[in-house]
Amino acid sequence: MRQWSMRIKAYAERLLTGLETLDWTDSVKDIQRNWIGKSTGCSLFFSLWRGTEGEDASSEYKIEVFTTRPDTVFGVSFVVLAPEHPLVDEITTEEYKEAVENYKKAASLKTERDRQSDVKNITGQFTGAYVLHPFTNEKVQIWIGDYVLASYGTGAVMAVPCGDQRDWDFANHFNLEIKNIFENVDISESAYTDKSGKIAHSDFLSGLEIKDAMKKAIEEIEKRGLGKGKTNYRLRDAVFSRQRYWGEPFPVYYKDGLPTIIETQHLPIILPEVEKYLPTEDGEPPLGNAKTWAWDTTKNSVVSNELIDNKNVFPLELNTMPGWAGSSWYFLRYMDANNETEFVNKEKADYWKSVDLYIGGSEHATGHLLYARFWNMFLFDQGYISFAEPFQKMINQGMILGRSSFVYRTLEGNTIVSASKKNEYNTIPLHVDIALVDNDKLDIEGFKKWRSDYADAEFILEDDGTYVCGHEVEKMSKSKFNVQTPDELVEKFGADTLRMYEMFLGPIEQAKPWDTKGINGVSNFLRKFWRLFHQGADYAFEITEGEPTKEALKTLHKTIQKVTADLERFSFNTGVSNFMIACNELSDQKCNNRQILTDLVVLLSPYAPHICEELWVKLGHEAGSINKATYPKFNEAYLVSDSFSYPISFNGKVRIKVDLPSSMNAKEIEDHVMGMSELNKYLEGKQPKKLIVVPGRIVNIVV
RNA sequence: GCCCAGGUGGCGGAAUUGGUAGACGCGCUGGAUUCAAAAUCCAGUUCCGCGAGGAGUGCGGGUUCGAUUCCCGCCCUGGGUACCA
């Protein structure tokens, strides 16, 4: 099948190094690094040995292998080619033709997936041919084996059983030689794959540390013209066509069977109407069913297929583009969505620049997030935009998981066993709708109605006569019957409460089961916050004017400082708790001062927009204007206090606290502490060995 | 196997540069108010111990005056990935 693909491989190195400039989690960066799979080593040519012993070694055929361990070259005891390697037929001797053919056939029948899942099963076939070892000139057998992949490296490996576990297994299985080229290492049970130690029995490499031997080996290989240093990437080019209808059509027609691009001024090409979105009878993609899907080069428009004459009118491409054709750059289009002539105006792109914050799941690490980076780099290289990376900062939000409930059905099928007794029977778990379960107890009648095939089932219950379900935390999904909709909670507590509770649950990156147990805590907070503005038995709106107290100002500015810092590091859960602290403190202070409450409402408005909007209007502002209010300014002057409660610790354990003026220096603190009579109890008559004073922090006495 | 993230009360979690472990909330216990309930308020709540006190951040070591935080080894959980030479 002829397909389009994108040369993402050409960007492998830049996609790798670019990661270092990004503010992403290590785990997503690592997933991309592994996917790109850079490995450095060298290529090395083995000449084919032809004919009889002693004959001239130089043959027209050379087999190129890629290795990351050139230091082990003297441990080579055979060479393995992928079954699909182009030289296999050429080199196989008459005697082994049939066996090799059979092996190739067997391998080709296996899918790539089968080949990968069948790792433990070692297979291979000798070809009868030999290469000559590039340094020792010894004869080395050539095998084929499907553990060597045609699509990676050169499709051929030099097998070093002592240094590679797969080679060791292969050698062990086929009784091939296992040379030991490591100093003082036992390889009788498995290969030695560590990259530390010394090389032995290896001519010019003997006695060298492995790392040094690698360098020396490549040097020598290059010097003798046997190969050269090389880097390989695991990343493959990305297929860019799909055999389906719903995708952007390619602006491409086929002239004499060769694809030709339609010029920009004639775009866009719009998907044709089709009767059905299915492939054609002879297996062409759905666009093969279109009746108007040909390109007229004189009119520069899409015309009926009947007009195809292959002189002026040609057939159009039938594949369409994949999802990532759009997902790789939509964020650029957002900057200039109505532009009819360019995908984005350069000036606008320069103004808005790359995405500041990308909140998304790490499941896109090897797909969308890699393609978008590649696409963006290409546009950058072409000068359309001025930034190479599309997403500077990324947060991977954790998934909210569901709590599934299970009933246990016997294998025979018509008995349902309660959780604690399930092990007495041979049962399988079945998901049950969580709407039918309350506190793990099953509504049996409801269950019978829900699954009519179990209407006549027998139930084996707990001793107290109830049916108890099992449970597990997993992804929320209709098929697992564990989906909880927020509607009910919004109904009961309001959208502000639900929103804040979600933020309060814990760090944004963390996955957690959806548990509404604590939601009334947030609800209580919002009610308490409301009460700051409403006094008396009938909760009438009432605030006081004038200058706030020192205490209230301290609470406010402490809150501004903390909440702002929390916002900047996306720590919403601690943000919410700081609002709770502020509310508790102001309640205790009985503060309902206008200045304080106005600033607090603005601060809280991103968290609880509905309530804050209402309070904002009650404070006398125009409806809808809170979004335009100035963000409260933090003033450190309100936070300075003139005393500090010093913890006094003995050998690191805090025992006493003492209030001291903040202005005291280390020496003064020391003098004061040493004069304290409370010390005696902990000193037990001994002299302290050492005293550490950290002003503004702690005093530690070493006994 | 390899790579990454994580492991703190009954529970969700906090501790931003090594400096008072358990903020905030849930739950629980006791009390006030109420005919009663809801709501609200007050007090308590890491564990052991009546107490004085002791122990304590997965386990075992180390560095330090001082470690949830840094270093070494191990265990467990979650995620990714795998004949990639």
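This report concerns the structure included in the present document. Keep in mind the model is a prediction, meaning the values are calculated, not measured.

Further remarks concern the sheet that holds strand E12 (residues 294–296). Strand order across the open sheet formed by three strands is E13-E12-E14, with antiparallel pairing between neighbours. A single partner strand is all that each edge strand has here, and the edge strands are strand E13 (301–303) and strand E14 (313–315). Across the sheet, the mean angle separating the axes of adjacent strands is 40° when strand polarity is ignored.

So, on to the packing of aromatic side chains. Applying the stated rule across the entire model yields 42 aromatic pairs. Aromatic side chains Tyr 245 and Trp 246 sit 4.7 Å apart centroid to centroid with 90° between the ring planes, which places their arrangement in the edge-to-face category. Relative accessible area serves as the criterion here: at 8%, Tyr 245 is assigned to the buried category. What makes Trp 246 exposed here is its relative accessible area of 59%. Taken together through their ring pairs, the aromatic side chains of Trp 49, Phe 78, Tyr 96, Phe 126, Tyr 130, Trp 143, Tyr 147, Phe 170 and Phe 174 make up a single cluster. Positioned above the aromatic ring of Tyr 130, the side-chain terminus of Lys 139 is 4.4 Å from the ring centre.

Across the sheet, which stays open at both edges, the four strands sit in the order E28-E27-E30-E29 with mixed pairing between neighbours. Bordering the open sheet on either side are strand E28 (653–661) and strand E29 (690–694), each of which pairs with just one other strand. Pairwise comparison of adjacent strand axes, ignoring direction, gives a mean angle of 20° for this sheet. Summarising the sheet, strand E27 (residues 643–650) and E28 pair through eight bridges and their orientation is antiparallel. By the bridge assignment, Tyr 646 is partnered in E28 with Val 658.

Where strand E4 (residues 78–81) lies against strand E6 (residues 139–144), four bridges are found, and the strand directions are parallel. By the bridge assignment for E6, Val 80 is matched with Trp 143. Where strand E5 (residues 125–132) lies against E6, five bridges are found, and the strand directions are antiparallel. Bridged to Phe 126 within E6 is Trp 143.

Calculation rules
- Residues numbered from 1 in each chain as written.
- Chains lettered and ligands numbered in written order.
- Predicted model: local features only at pLDDT ≥ 70, side-chain atom pairs only at ≥ 80, totals over all residues.
- Heavy atoms only, no water.
- Pairing = 2+ DSSP bridges.
- Helix = DSSP H or I, 4+ residues; strand = E, 2+ residues; numbered from the N terminus.
- Axes fitted to C-alpha atoms, helices over the stretch in contact; angles between N-to-C directions.
- Phe/Tyr/Trp six-rings, centres within 6.5 Å; stacked < 30°, edge-to-face > 60°.
- Buried < 20%, exposed > 50% of the residue type's maximum accessible area, 1.4 Å probe, protein only.
- Lys NZ or Arg CZ within 6 Å of the ring centre and 35° of its normal.

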